[in-house]
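Close look at the chain arrangement
So the chains spell out like this:
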Amino acid sequence: MIVRVTAAALGLAAATMGVGADKNAPLRTMTYAVDFTVRSSQTNHISALAPDANRAIGPGSSNIEEHGFTIDDSGTLQVVVVAATADGGLVTDVKYDGKQTHQPVIRVAIAKDGRLLYDPKQPLSEPAARVLPLLARETFSKRELAAGIAWSEPAQAPAKGSTTYRVVTVAAPDVTVAVSATLDVPGSAGFSEHEDGTLTFATDVLAPLRWDVLIHVMRTRVGGAETTDGHLTARLTGDTFPRRSKP
């Protein structure tokens, strides 16, 4: 699933900031163990006209410079649900403690369609941005889930693309779903993104139990391009909601 915050949604995020004050006991607390690695590579087209004493390039020719890096930012994601809104959303306090990223608690509203609404001045960690949309309350709750059933949801404007879900197995109350998503965002800061993942979801408590996804992002810019490949696995290791026994 690929979800991005829209500018119009920020007003709703601001409206929810006062919901669920600290004096109130949280409705639910979930903890995820996250394995997250990212490999990024950049390609720069170097013109022969650019002065560089270390380059031996003939007149009118060009050169390609490539460099990249790999990051392991595995860690722990904690999601505290402080309120459930009348329109089907959730208000959460989220923090992530990774090897590279230490995100303090951020108030995030999760709309029923998976949009994440929060103050953009507080950067949300990539693992949080990839897991939180799966807590949307209507993604699976209003569908008949049986092996082989598939459906698609369009990307949110102005982006183009869609997310396709296909139920692989059902072991009630859990389902395993193959998820494939493509997103194209126009503009100077645009990008193309593709995801292929496998989600195990608990329909009794409306939460992902395991999310294993490969992420490919391509950005083009003046003079070059950037490619990012990520692999994220998130496993639910703690939840204050009790689960019913399987039949």
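Residues numbered from 1 in each chain as written. Predicted model: local features only at pLDDT ≥ 70, side-chain atom pairs only at ≥ 80, totals over all residues. Heavy atoms only, no water.

What follows is about the overall build of the protein chain. The number of helices and strands found in the protein chain is two helices and twelve strands. Seen in sequence order, the protein chain has helices and strands lined up from the N terminus as α-β-β-β-β-β-β-α-β-β-β-β-β-β. Relative to all contacts within the protein chain whose residues are 6 or more apart in sequence, the contacts with residues 24 or more apart total 54%. Put simply, the protein chain shows about 12800 Å² of open surface, and 55% of that area lies on carbon and sulfur atoms. (Helix = DSSP H or I, 4+ residues; strand = E, 2+ residues; numbered from the N terminus. Contact = heavy atoms within 4.5 Å. Areas by Shrake-Rupley, 256 points an atom, 1.4 Å probe, with all protein chains shown as cover.)

Turning to the nonpolar core, a few remarks are in order. Counting 46 residues, the largest nonpolar core has Tyr32, Leu77, Leu124 and Leu132 as the members making the most contacts within it. Ignoring any residue separated from it by four or fewer positions in sequence, one finds leucine 124 in contact with Gln103, Ile106, Val108, Leu116, Tyr118, Ala129 and Leu132. (Core = buried A, V, L, I, M, F, W, Y, C linked by side-chain atoms within 4.5 Å. Buried < 20%, exposed > 50% of the residue type's maximum accessible area, 1.4 Å probe, protein only.)

Residues at a pLDDT of 70 or more form 80% of the protein chain, whose mean pLDDT is 84. Confidence, read as mean pLDDT per element, is least for helix 1 (residues 10-16) in the protein chain (40) and greatest for strand 4 (residues 90-98) (98). Predicted confidence for residues 53-61 stays below pLDDT 50, and this span has ten contacts to residues more than four positions away or in other chains. (pLDDT = per-residue confidence, 0-100.)

This next bit is on the packing of aromatic side chains. Ring pairs (aromatic) are described by centroid distance and by the angle formed between their planes. Taken as a whole and assessed by the stated rule, the structure comprises four aromatic pairs. Pairing phenylalanine 140 with tyrosine 165 gives two aromatic rings, centres 6.0 Å apart and planes at 85 degrees, and the pair type is edge-to-face. You can see phenylalanine 140 sitting in the loop between helix 2 (126-131) and strand 7 (150-154) and its partner tyrosine 165 sitting in strand 8 (residues 160-171), a full 25 residues away along the chain. For the pair shown, phenylalanine 140 and tyrosine 165 are each scored as buried. Ring geometry for tryptophan 151 and tyrosine 165: centres 5.2 Å apart, planes at 20 degrees, overall stacked. Here the residue tryptophan 151 occupies a position in strand 7, and tyrosine 165 occupies one in strand 8, the gap between them amounting to 14 residues. Across the pair, exposure class does not vary: tryptophan 151 and tyrosine 165 are buried alike. The lysine or arginine in question, arginine 219, covers the ring of phenylalanine 191, its NZ or CZ lying 5.1 Å from the ring centre. (Phe/Tyr/Trp six-rings, centres within 6.5 Å; stacked < 30°, edge-to-face > 60°. Lys NZ or Arg CZ within 6 Å of the ring centre and 35° of its normal.)

With that out of the way, let us pick up the environment of proline 104. When you line up the elements, proline 104 lands in strand 5 (residues 102-110). Judged by its relative accessible area of 57%, proline 104 is exposed. Those residues within four positions of proline 104 in sequence are excluded, and the remaining contacts are Val94 and Lys95.

The next point concerns the pattern of salt bridges. Throughout the structure, instances matching the rule amount to eleven salt bridges. Residue glutamate 193 pairs with arginine 130 through a salt bridge whose shortest N-O separation is 2.6 Å. Residue glutamate 193 is located in strand 10 (residues 191-202), and its partner arginine 130 is located in helix 2; the two are separated by 63 residues in the primary sequence. Judged by relative accessible area, glutamate 193 falls into the buried class, the value being 3%. Between aspartate 174 and arginine 243 there is a salt bridge; the shortest N-O distance is 2.5 Å. Residue aspartate 174 is found in strand 9 (residues 174-185), and its partner arginine 243 is found in the segment after strand 12 (224-239); the two are separated by 69 residues along the sequence. Judged by relative accessible area, aspartate 174 falls into the buried class, the value being 9%. Salt bridges sharing common partners tie together Glu126, Arg130, Glu193 and Glu195. (Salt bridge = Lys/Arg side-chain N within 4 Å of Asp/Glu carboxyl O.)

Before going further, it helps to examine unusual backbone geometry. In this structure, proline 173 follows alanine 172 across a cis peptide bond, with omega equal to 10 degrees. On the secondary structure map, proline 173 appears in the loop between strand 8 and strand 9. A positive phi angle is found at leucine 206, which is not glycine, with a value near 50 degrees. Within the fold, leucine 206 resides in the loop between strand 10 and strand 11 (207-221). Residue classification places leucine 206 among the partly exposed residues on the basis of a relative accessible area of 25%.

The next subject is the pairing of strand 7. Look at any regular strand and the pattern is simple: side chains alternate between the two faces of the sheet. As defined by bridge partners, strand 7 adjoins strand 8 across five bridges and the pair is classed as antiparallel. Following the sheet pairing, glutamate 153 is matched in strand 8 by threonine 163. (Pairing = 2+ DSSP bridges.)

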